[in-house]
Amino acid sequence: MGRSADIVRKTQETDIRMHLNLDGEGRSNVNTGIGFLDHMLVCFAKHGFFDLDVEVQGDLHVDGHHTVEDVGIVLGNAVREAIGDKMGMKRYGFFILPMDDALALCAVDLCGRPYFVFDCEFQTDRVGGLDTELVREFFYAVSYSAGMNLHMRMLSGMNAHHMIEALFKAFARALDDATSKDPRISGVLSTKGSL
């Protein structure tokens, strides 16, 4: 089954069930109620070689904020649980990903200390059913729930669809790198002896 996690989170705003396998093949089954977010999570799974199942019932009659933020929280919790003791794990990962006009940079440190930097401005308020301001909220939630140092920067870009997709794919590739094992690593990759 690989390094995997099953997370359930139910509040008065959202009901989320997620399965994540870090050692997967890129398969996904995603239903958040927000089509563009579904598309981004499918891209995340495919390009990170993660298997991902997500089922969400959210208060979309209010807006998308609770759904997007809570999916980020659950994904972060799933990553934290799936990486387990971090033995032999590379810990760091980064990727620069081009998508047409967009060029996104993502760097990850699975150190157990959350920190988040997001340098990206969108020229439109929405892409499909997703408010573009919620992209930051999603990755912030992932970072803090996972205990992950996450830096994301849009180096260039005009089209918000391309920019957001580049961010999700760059994150997938960086996370795949950070969670991969290196046979040279004995224990955890830290001079402190723990992460």
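Now for a description of the structure that goes with this document. (Residues numbered from 1 in each chain as written. Predicted model: local features only at pLDDT ≥ 70, side-chain atom pairs only at ≥ 80, totals over all residues. Heavy atoms only, no water.)

As for the packing of helix α1 (residues 35-48) against helix α4 (residues 160-179)
Phase 1 of the analysis: α4 packs onto α1 with a crossing angle of 35° between their chain directions and a minimal axis gap of 8 Å. In the packing of α1 onto α4, the handedness of the crossing is right-handed. Residue-level inspection shows F36, L37, H39, M40, L41, C43, F44, H47 and G48 of α1 in contact with α4, the latter providing H161, I164, E165, F168, K169, F171, A172, R173, L175 and D176.
Phase 2 of the analysis: Its residues placed into classes, the contact of α1 with α4 shows 11 nonpolar, 4 polar and 4 charged. (Axes fitted to C-alpha atoms, helices over the stretch in contact; angles between N-to-C directions. Helix = DSSP H or I, 4+ residues; strand = E, 2+ residues; numbered from the N terminus. Left-handed = near helix turned anticlockwise from the far one by under 90°. Contact = heavy atoms within 4.5 Å. Nonpolar A, V, L, I, M, F, W, Y, C, P; charged D, E, K, R; others polar.)

Description of the sheet that holds strand β4 (residues 51-58)
Phase 1 of the analysis: If you trace the 4 strands from one edge of the open sheet to the other, you get β1-β2-β4-β3, paired in mixed fashion. Lying at the two open borders of the sheet, with one neighbouring strand each, are β1 (4-10) and β3 (28-31). Here the average twist between neighbouring strands, direction ignored, is 5°.
Phase 2 of the analysis: Looking at chain direction, β1 and strand β2 (residues 14-21) are connected through 7 bridges and run antiparallel. From the neighbouring strand, A5 faces β2, where its bridge partner is L20. (Pairing = 2+ DSSP bridges.)

Focus on helix α3 (residues 133-146)
Phase 1 of the analysis: End to end, α3 covers 21 Å across 14 residues, agreeing with the expected 20 Å (1.5 Å per residue, within 8%).
Phase 2 of the analysis: In this structure, the buried side of α3 is in contact with α1, α2 (65-83), β7 (115-119), β9 (130-131), β10 (149-156) and α4.
Phase 3 of the analysis: In the segment just after α3, G147 is the residue with positive phi, at about 70°. (Expected span 1.5 Å × (residues − 1).)

Function cannot be read off these values alone, since they describe shape.
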